[in-house]
Amino acid sequence: MDQITNQGLISACSAIGAGLAVIAGIGPGVGQGIAAGYGASAVGRNPGAKGDIMSTMLLGQAVAETTGLYGLVVALLLMFVKPFKGV
Amino acid sequence: MMSGFATGAMQVMQVARAEESTPDFYIHELAPVNFFGTTVHITTTHVCTLIVFITIIIIAIAGRNSVLKHKDKPTKFSAGVEIAISTLLNFVKGSMGKAGKNYINYIGALFTFVFFSNISGLFGLRPPTADYGTTLCIGLVSFCMIQYAAIRYMKLNYLKGMFEPVFLFFPINVISELAIPVSLSLRLFGNVLAGTVMMALYYGMLPIFAKIGVPSALHAYFDLFSGAIQAYVFSMLTMTFIADKRASAE
């Protein structure tokens, strides 16, 4: 069996780190779901204000999504830019 | 018979994989250009940005000519342009109030550019907003707009507001201001890049028969829906920050 090289170890650990980084997606998922649920109940209570509720909900969801996207960007950096390759 | 079919399908899939096993969502370098002694690398981002600019300019000129020509009896196109402009006016005035009329040009240009960039993936381009250079520049321009509005409306109170509630909060206030362009640009970049990567993975790693029909739904979600939402959110957040500075001045 071949020995594990340093570069191979770095690649493997980067992949594991990328996988761990996208766990950040849990938080925005819960947050967006809560926002969508309250949006739906608001539309049920006041169907006339559907447009305003919709735009407010989408704005809040997009802001909540940001933290998840930070995790995604970190994962993509680890996978494709490989910042630790030269270490 | 069955197993023969299965191995045949496996071989076809393996050949297809071997042919297109590298999903391609990278920024490609097209040509190095010598620019006053430094080498500037012309990439796909530059070319796609230029194409988006030219498209927007052509649509704008055609819309202007059509609206001026058909003042009395609007055609479908000129009526569409007028509806788009009045929607933009209502959009800006609805979230910024009376001060909105000073910012309509900026918000309109921002929205149009980001929207057309995001949906350019539909036409086979690599979206310019999937490059952090583009989104960081747009974010910095928005940041300058917000700071300009703050200084214009609050004058010296803006500096005083940095030290509130206690003077110890000064670094925290500065960081919260500096976080605005970073979060604005990373949000747009992350969303568009995620869509681009998903589409590249889908096109690059699946066998040929999976690419019929299904990608249209993915394009509709990742390019059209997500792109429109992100363009809306970017311009909406810029307007919200400007209106926030204005409201705290009164």
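Structural data are supplied above this passage.
Q: Is there a simple way to explain the overall build of chain A in this structure?
A: Across its full length, chain A holds three helices and zero strands. Reading chain A from its N terminus to its C terminus gives the helix and strand order α-α-α. By the compact-globule yardstick of 12 Å for 87 residues, chain A is too spread out, its C-alpha radius of gyration being 20 Å. Based on the C-alpha atoms only, the size of chain A along its principal axes is roughly 70 × 20 × 10 Å. Expressed as a percentage of its 87 residues, the buried residues of chain A come to 23%. Considering only intrachain contacts with a sequence separation of at least 6, the fraction spanning at least 24 residues in chain A is 74%. Total accessible area computed for chain A in this model is approximately 5,600 Å², and 71% of it derives from carbon and sulfur atoms.

Q: In this structure, what is going on with the nonpolar core? I would like to understand it.
A: Note on soluble globular proteins: their nonpolar side chains tend to be buried together. Judged by nonpolar contacts, the single largest core of 42 residues is most densely connected at B:Phe91, B:Val92, B:Tyr103, B:Val233, B:Met239 and B:Ile242. Every element with two or more residues in this core is listed here: α3 (50-81) of chain A together with α2 (44-69), α3 (76-96), α4 (104-119), α5 (132-154), α7 (170-205) and α8 (214-249) of chain B. Ignoring any residue separated from it by four or fewer positions in sequence, one finds B:Ile242 in contact with B:Met96, B:Tyr103, B:Met145, B:Ile146 and B:Ala149.

Q: Would you mind going over α3(A) with me for this structure?
A: Since one α-helical turn is 3.6 residues long, residues separated by three or four positions face the same way. When the terminal C-alpha atoms of α3(A) are compared, their 43 Å separation across 32 residues agrees well with the 46 Å that a helix rising 1.5 Å per residue should span. At A:Thr67, α3(A) shows its maximal kink, close to 35°.

Q: Teacher, can you tell me more about a positive patch on the surface here?
A: A cluster of like positive charges, contributed by B:Lys93, B:Lys98, B:Lys101, B:Arg152 and B:Lys155, occupies part of the molecular surface. Position of B:Lys93 relative to the elements: it lies in helix α3.

Q: Looking at this structure, how should I read the packing of α5(B) against α8(B)?
A: Residues and elements named next belong to chain B. Look at α5 against α8: their axes get within 8 Å of each other, and the N-to-C directions meet at 15°. Classified by the angle their axes make, α5 and α8 are roughly parallel. In the packing of α5 onto α8, the handedness of the crossing is right-handed. In this structure, α5 contributes Ile138, Gly139, Ser142, Met145, Ile146, Ala149, Ala150, Tyr153 and Met154 to the contact, and α8 contributes Phe234, Thr238, Phe241, Ile242, Lys245, Arg246, Ser248 and Ala249.

Q: Explanation requested: the interface of chain B and chain A in the structure shown.
A: One frequent convention defines the size of an interface as the accessible area lost when the parts assemble. If you look at the interface, chain B gives 17 residues, while chain A gives 13 residues. Across the chain B/chain A interface, buried area totals approximately 1,300 Å², and carbon plus sulfur atoms make up 79% of it. It is B:Leu186, B:Arg187 and B:Tyr232 in chain B that bury the most area against chain A; as a group they hold 31% of the surface buried on that side. Linking chain B with chain A are zero salt bridges, by the criterion used here. One can count two residue pairs in polar contact (both at pLDDT 80 or more) joining chain B with chain A. Mapped onto the side of chain B that touches chain A, the elements with two or more residues apiece are α7 and α8 of chain B.

About the thresholds
- Residues numbered from 1 in each chain as written.
- Chains lettered and ligands numbered in written order.
- Predicted model: local features only at pLDDT ≥ 70, side-chain atom pairs only at ≥ 80, totals over all residues.
- Heavy atoms only, no water.
- Helix = DSSP H or I, 4+ residues; strand = E, 2+ residues; numbered from the N terminus.
- Rg over C-alpha atoms; globule rule 2.2 N^0.38 Å.
- Buried < 20%, exposed > 50% of the residue type's maximum accessible area, 1.4 Å probe, protein only.
- Contact = heavy atoms within 4.5 Å.
- Areas by Shrake-Rupley, 256 points an atom, 1.4 Å probe, with all protein chains shown as cover.
- Core = buried A, V, L, I, M, F, W, Y, C linked by side-chain atoms within 4.5 Å.
- Expected span 1.5 Å × (residues − 1).
- Bend = angle between axes of the 7 residues up to and from the residue.
- Patch = residues over 30% accessible without salt bridge, like charges linked within 9 Å, V, L, I, M, F, W, Y side chains within 5 Å.
- Salt bridge = Lys/Arg side-chain N within 4 Å of Asp/Glu carboxyl O.
- Lys, Arg positive; Asp, Glu negative; His and termini not counted.
- Charge placed at Lys NZ, Arg CZ, Asp CG, Glu CD.
- Axes fitted to C-alpha atoms, helices over the stretch in contact; angles between N-to-C directions.
- Parallel < 35°, antiparallel > 145°, perpendicular 65-115°, else oblique.
- Left-handed = near helix turned anticlockwise from the far one by under 90°.
- Buried area = accessible area lost by both parts, 1.4 Å probe.
- Polar contact = N/O pair within 3.5 Å; in protein donor to acceptor, adjacent residues only side chain to side chain.

Geometric values such as these leave the question of function open.
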